[in-house]
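# Structure assessment
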Amino acid sequence: MRTRVMDTLSQTLATFVPHPSDSAPHAKGVRYFRISNPAIEAIWGAIDTVKQGQKCKKRIVVRPSRRYPGLHELYTYHFPKQWSEACQANRELIKTAQRLAHAIEKDHSYAALEWRIRHIQHLLNPVPGQKTYAHFYPFVYVTIYQSLRTASQASESIASQSAKQAASLSSSSAPSVSSEFVSFVPITSRPSKHRYSAISNLQSPIRPHLLPLHRRRHLSIRAA
C-alpha cells in the first residue's frame, strides 16, 4: 500500500530523495521527499483513506521533517493492539474538542461571535513562540483541547494528592476521624445529557447550548 501511495505522490507533487543522514532518528522505514508543486508549501496528515487504514490496521502518514527543513517525511503508522488508558483518555479529549469546535464553527450566536473576535485578536497579536492559526476552526479546536487537557491534568494532580493523603492516613497508628480530605470531580470524556459537561469551567466563551456535532477528518495542506 505504501508503494502505491509513493507512486501517486511522485506523479503529482513529490520528489523523493535519498536519506539525508545515516545517523538520523526515525531512519527505519521513513522516506524523504521535497514538494515539487510551487503552489504547495507543506502537507501533513494521512495520505490513504480511513477505510484502507481500518482494513490494514495502519495508516500512511506524511509531515514536514522536524530534523531536515525543506523535506517531508513519509512513514507507516501501525495501529497499536491495545490503547493505554492515558491514550484513550486523550483521544476522548480530542473528540470532545473536535465536536465543540465544529459546533462553534457552525453557530451564529453571540457566543460564537466572541470566538471570532478572539481569533482576529490571535491573528493581530501573535504570541512569540506560539503557532499562529490562520483558519478559524483549528484555532478554536486547539484552544478548547488545551483547556480540556489542562483541566484533566489538574484533576489528575488533585487525585494523586488525595491518594497520597489517604495512604498517609491509613499508615498512621491512630488516624483521625475528622481528617480532611480533598474531593474532586474528574473530567468526563463526553458531554452530559443535561447539556453541561466538564468543559463548562473553561476560560472561553462556550455556552451550554453549543452541542457537539459530527467529527471532520481531512488532510491538511497549507498553500504557499
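Anything mentioned here points back to the structure above.
Conventions adopted
Note on numbering: residues in each chain are counted from 1, in written sequence order. Restriction of local features to residues with pLDDT of at least 70 applies here, the model being predicted, together with a cutoff of 80 or more for giving and counting side-chain atom pairs; totals for whole chains, interfaces and linings are based on all residues. To get the side-chain values, take all heavy atoms of the structure and skip hydrogens and water. The numbering of helices and of strands both runs from the N terminus, where a helix is a DSSP run of H or I of at least 4 residues and a strand a run of E of at least 2. Relative accessibility thresholds used throughout: buried, under 20% of the residue-type maximum; exposed, over 50%; partly exposed, between the two (1.4 Å probe, protein chains only). What makes two residues a contact is simply this: any of their non-hydrogen atoms within 4.5 Å. Values of accessible area rely on a 1.4 Å probe in the Shrake-Rupley scheme; residue burial ignores everything except the protein chains shown. A helix is expected to reach a length of 1.5 Å times the quantity of its residues less one. Pairing of aromatic rings covers Phe, Tyr and the six-membered ring of Trp, with a centre-to-centre limit of 6.5 Å; geometry is then stacked below 30 degrees between planes, edge-to-face above 60, and tilted otherwise. Each patch is built from residues that are more than 30% exposed by relative accessible area and take part in no salt bridge. Like charges join if they lie within 9 Å; nonpolar side chains (Val, Leu, Ile, Met, Phe, Trp, Tyr) join within 5 Å. Salt bridge, as used here: a side-chain nitrogen of Lys or Arg that lies within 4 Å of a carboxyl oxygen of Asp or Glu. By arc we mean the arc of the directions from the helix axis to the C-beta atoms, nothing more.

Counting secondary structure elements, the chain contains five helices and six strands. Going from N to C terminus, the chain has its helices and strands arranged as α-β-β-β-α-β-β-α-α-α-β. Taking all 224 residues of the chain together, the buried fraction comes to 30%. In the chain, 59% of the contacts between residues at least 6 apart in sequence involve partners at least 24 apart. Carbon together with sulfur atoms contributes 54% to the accessible area of the chain, which is approximately 15100 Å² in total.

Taking 1.5 Å of rise per residue, 22 residues should cover 32 Å, and helix α3 (residues 85-106) covers 32 Å from first to last C-alpha, within 8% of that figure. Those residues of α3 lying buried are N90, E92, L93, T96, A97, Q98, R99, L100, A101, H102, A103 and I104.

Applying the stated criterion across every chain yields a total of six aromatic pairs. Ring plane angle 15° and centroid distance 6.4 Å describe the contact between Y137 and Y141, whose orientation is recorded as stacked. Residue Y137 and its partner Y141 are located together in helix α5 (residues 136-171), separated by four residues, close to a single helical turn. For the pair Y137 and Y141, a shared accessibility class is recorded, and that class is buried.

The next subject is a nonpolar patch on the surface. On the surface, a cluster of nonpolar side chains totalling about 320 Å² of accessible area is made up of Y110, L113 and I117. In this structure, I117 sits in helix α4 (residues 110-124). On the accessibility criterion, I117 (41% relative accessible area) is partly exposed.

With that out of the way, let us pick up the pattern of salt bridges. According to the stated counting rule, one finds three salt bridges in the structure shown. A salt bridge links E73 to R63; its shortest N-O distance comes to 3.2 Å. Remark: R63 occurs in strand β4 (residues 58-64) and E73 occurs in strand β5 (residues 72-78); sequence separation between them is ten residues. By the burial criterion, E73 is buried, and R63 matches it.

Bringing α4 into the picture now. For α4, built from 15 residues, the straight-helix expectation of 21 Å at 1.5 Å per residue is met to within 8% by its first-to-last C-alpha distance of 21 Å. Turning to α4, its buried residues are A111, A112, W115, H119 and H122. Buried residues in α4, looked at end-on, bunch into an arc of 100°, giving them a common side. Of the exposed residues in α4, those oriented more than 90 degrees away from the buried face are Y110 and L124.

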